[in-house]
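Analysis of the macromolecular model
Listed below are the residues making up each chain.
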Amino acid sequence: MCLKSFSGIVKNGNIVHRNSCIKLKGKVVIITGGSSGIGLSLAHEFGRQGAFVVISARNAEKLNAALSDLHWQGIEAMAVVADVSKEEDCKNLIQKTFDEKGRIDVLVNNAGVSMRAAFKDTDLKVLKTLMDINFWGTVYCTKYALPHLLETRGSVVGIISIAGYIGLPGRTGYTASKFAIRGFLETVRCENLKTGLHVLIAAPGFTSSNIRKSALTADGTPQGETPRDEASMMSSEKAAYKIVKAVKKRKNELILTFLEGKFAVTLNHYFPSLVNMLVFNQMSKEPDSPIR
C-alpha cells in the first residue's frame, strides 16, 4: 500500500493523504452481511476491482447462492457462515480469512437488522437483538481483524445509516445501535491516528435493499414486506460504488443521498427540534405506522 505516513490535508472534514493511491487489486476484503443487499453489491464492486472477497452471513443457503453468483462473475471469493452476534463466529471468520490468504486489507462491518415498532410496545429482547448484531458484531469483528489491519495499514468500514445521526421514531433499537457504532469507530480512528489504520463510517440514506423486509416488529418477528416505496430509493449497487470509492480515497465519513442524508444531518445540527418534527411527520405517514 502506498501510504507511508499520516501526513495529509483536511478536505470537507476528511483527511486526504498527499501520497494516496490506493488500489484494490490483490487486496483481501471481508464483508459481513454479504449474502444480499448492500453487502452483496459491495462484494461485486470490490471483486470487479481485483480484490479477493470474503463474504459472511448466517444463512448458509443464501450465502452459497451469493458465492456462486460472485464466481459466475469471475470474482475470486470465499464464504464463511457466521452469526456476528456470536464472538466465536467473528473470531473464526477473521482466522479463516487469514489462514486462507495470509493478510486482511479491508473489513466492512455491514451485517445488520432493523426494527419497526414504538418503544412503548417493544419487547426489550428486540433491542438486545439489534445491539448484539449491529453493534457487538462490529466490535467483535473489528477486535479480531485489527492486528491484521494494522499490519497492512488497512481499512475498517462501518455501515451505519442516517439513524446514526438522527433519532428515527419507531426505530429505537436500530438508532441506538447505529449511534453506538459511530461512536465506537470514531474512537478507534482517534486511537489510531499514527498507525496508518483507516476508518470509514458510511451512512446510506434510504436504500433499496432487503433490510426493511427482515426488520423486527414489537415482539421480535420479521415484518415481511417493507411498507416503503423503494422505486425512488438509491440502489444498493450505487451505494456500494460510492462506498468502495470512499475506501479507496480513505475518507473518514460518507453520507449518501442529499435531502434525506447530508441536508438532514446538517439541518439537525442547527435545528434539532425542526428535524424532530419533520422526521415524525414523515414516519407517521408510513402505511401501518407504529407512530401516531
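Below is a short write-up of the structure. Bear in mind that the values here come from a model prediction, so they are computed numbers and not experimental data.

**Observations concerning the overall build of the chain**
- Along its length, the chain carries eight helices and eleven strands.
- Per-residue burial for the chain yields a buried fraction of 52% across its 292 residues.
- At a minimum sequence separation of 6, the contacts of the chain that also span at least 24 residues come to 70%.
- Per element, the accessible surface of the chain, about 13900 Å² overall, is 54% carbon and sulfur.

**Topic: the packing of helix α7 (residues 258-270) against helix α8 (residues 272-284)**
- At a minimum axis separation of 6 Å, α7 and α8 run at an interaxial angle of 135 degrees. As far as their axial angle goes, α8 and α7 are oblique. Two secondary-structure elements touch here, α7 through Glu-260, Ala-264, Leu-267, Asn-268, His-269 and Tyr-270 and α8 through Pro-272, Leu-274, Val-275, Leu-278 and Gln-282.
- A per-class count over the contact of α7 with α8 returns seven nonpolar, three polar and one charged.

**Describing the pairing of strand β3 (residues 28-32)**
- Taking burial as the measure, the five residues of β3 include five buried ones, the bulk of the element.
- Taking every second residue as pointing to the same face, both faces of β3 are buried, with Val-28, Ile-30 and Thr-32 on one and Val-29 and Ile-31 on the other.
- Pairing of β3 with strand β4 (residues 52-57), which is carried by five bridges, proceeds in the parallel orientation. Each residue of the ladder has a partner; that of Val-28, found in β4, is Phe-52.

**So, the nonpolar core**
- One finds Ile-30, Val-54, Met-115, Leu-130, Leu-149, Tyr-165 and Ile-166 to be the most contacted residues of the largest nonpolar core, which totals 51 residues.
- Here this core takes ten residues from helix α4 (residues 124-152), the largest share from any one element.
- Setting aside chain neighbours within four positions, we find Leu-130 in contact with Val-113, Ser-114, Met-115, Phe-135, Gly-173, Tyr-174, Ser-177 and Leu-216.
- Core analysis: the second largest hydrophobic core is formed by 33 residues, Leu-70, Val-157, Ala-202 and Ile-243 among them.

**Topic: the packing of aromatic side chains**
- By the definition in use, this model includes four aromatic pairs.
- Each ring, one from Phe-135 and one from Trp-136, has its centre 5.3 Å from the other, and the planes form 65 degrees; the classification is edge-to-face.
- Relative accessible area serves as the criterion here: at 37%, Trp-136 is assigned to the partly exposed category.
- The ring of Phe-52 has Lys-101 lying over it, and the distance from NZ or CZ to the ring centre is 4.4 Å.
- For Arg-182, the ring lying beneath its charged end belongs to Phe-179, and the centroid distance is 5.5 Å.

**Overview of a positive patch on the surface**
- Together, Lys-238, Lys-242, Lys-245, Lys-249 and Lys-262 line one region of the surface with positive charge.
- In terms of residues, the positive patch owes the most to one element, helix α6 (residues 236-248), which gives three residues.
- Residue placement: Lys-249 occurs in the loop between α6 and β11 (253-255).

**Description of the sheet that holds β11**
- One open sheet accounts for seven strands, arranged β5-β4-β3-β6-β7-β8-β11; its pairing is parallel. Edge positions in the sheet fall to β5 (77-81) and β11, since each of these pairs with one other strand and no more. Taking each pair of neighbouring strands and ignoring which way they run, the sheet shows an average axis angle of 15 degrees.
- Against the sheet, α6 contacts β6 (106-109), β7 (155-159), β8 (198-203) and β11, and its axis sits at roughly 160 degrees relative to β8.

**Some words on helix α2 (residues 60-72)**
- Compared with an ideal rise of 1.5 Å per residue, which puts 13 residues at 18 Å, α2 spans 18 Å between its outermost C-alpha atoms and is within 8% of the ideal.
- Here the buried face of α2 lies against α1 (37-48), β4 and β5.
- Of the residues that open α2, the one with a side-chain oxygen 3.0 Å from the backbone nitrogen of Glu-61 is Asn-59.
- Just downstream of α2 lies Gly-74, where phi reads positive at about 85 degrees.

**Thoughts on a nonpolar patch on the surface**
- A cluster of nonpolar residues, Tyr-270, Phe-271, Leu-274, Met-277 and Leu-278, forms a patch on the protein surface that exposes about 530 Å² of accessible area.
- Take the nonpolar patch: its biggest share by element is three residues, from α8.
- Along the chain, the position of Phe-271 falls in the loop between α7 and α8.

**Points about the pattern of salt bridges**
- Taken as a whole, this structure holds seven salt bridges when the rule is applied.
- The partner of Arg-48 in a salt bridge is Glu-45, and the shortest N-O contact between them spans 3.0 Å. Residue Arg-48 and its partner Glu-45 are located together in helix α1, separated by three residues, close to a single helical turn.
- Given a relative accessible area of 10%, Glu-45 falls into the buried group.
- With a shortest N-O distance of 3.6 Å, Arg-182 and Glu-186 are connected by a salt bridge. Placement of both Arg-182 and Glu-186 in helix α5 (residues 172-191) is noted, with a separation of four residues, approximately one turn of the helix.
- Taking the relative accessible area as the measure of exposure, Glu-186 reaches 34% and is therefore partly exposed.
- One salt-bridge network, in which partners are shared between bridges, spans Arg-116, Arg-171 and Glu-286.

What counts as what
Residues numbered from 1 in each chain as written. Predicted model: local features only at pLDDT ≥ 70, side-chain atom pairs only at ≥ 80, totals over all residues. Heavy atoms only, no water. Helix = DSSP H or I, 4+ residues; strand = E, 2+ residues; numbered from the N terminus. Buried < 20%, exposed > 50% of the residue type's maximum accessible area, 1.4 Å probe, protein only. Contact = heavy atoms within 4.5 Å. Areas by Shrake-Rupley, 256 points an atom, 1.4 Å probe, with all protein chains shown as cover. Axes fitted to C-alpha atoms, helices over the stretch in contact; angles between N-to-C directions. Parallel < 35°, antiparallel > 145°, perpendicular 65-115°, else oblique. Nonpolar A, V, L, I, M, F, W, Y, C, P; charged D, E, K, R; others polar. Pairing = 2+ DSSP bridges. Core = buried A, V, L, I, M, F, W, Y, C linked by side-chain atoms within 4.5 Å. Phe/Tyr/Trp six-rings, centres within 6.5 Å; stacked < 30°, edge-to-face > 60°. Lys NZ or Arg CZ within 6 Å of the ring centre and 35° of its normal. Patch = residues over 30% accessible without salt bridge, like charges linked within 9 Å, V, L, I, M, F, W, Y side chains within 5 Å. Salt bridge = Lys/Arg side-chain N within 4 Å of Asp/Glu carboxyl O. Lys, Arg positive; Asp, Glu negative; His and termini not counted. Charge placed at Lys NZ, Arg CZ, Asp CG, Glu CD. Expected span 1.5 Å × (residues − 1). Polar contact = N/O pair within 3.5 Å; in protein donor to acceptor, adjacent residues only side chain to side chain.

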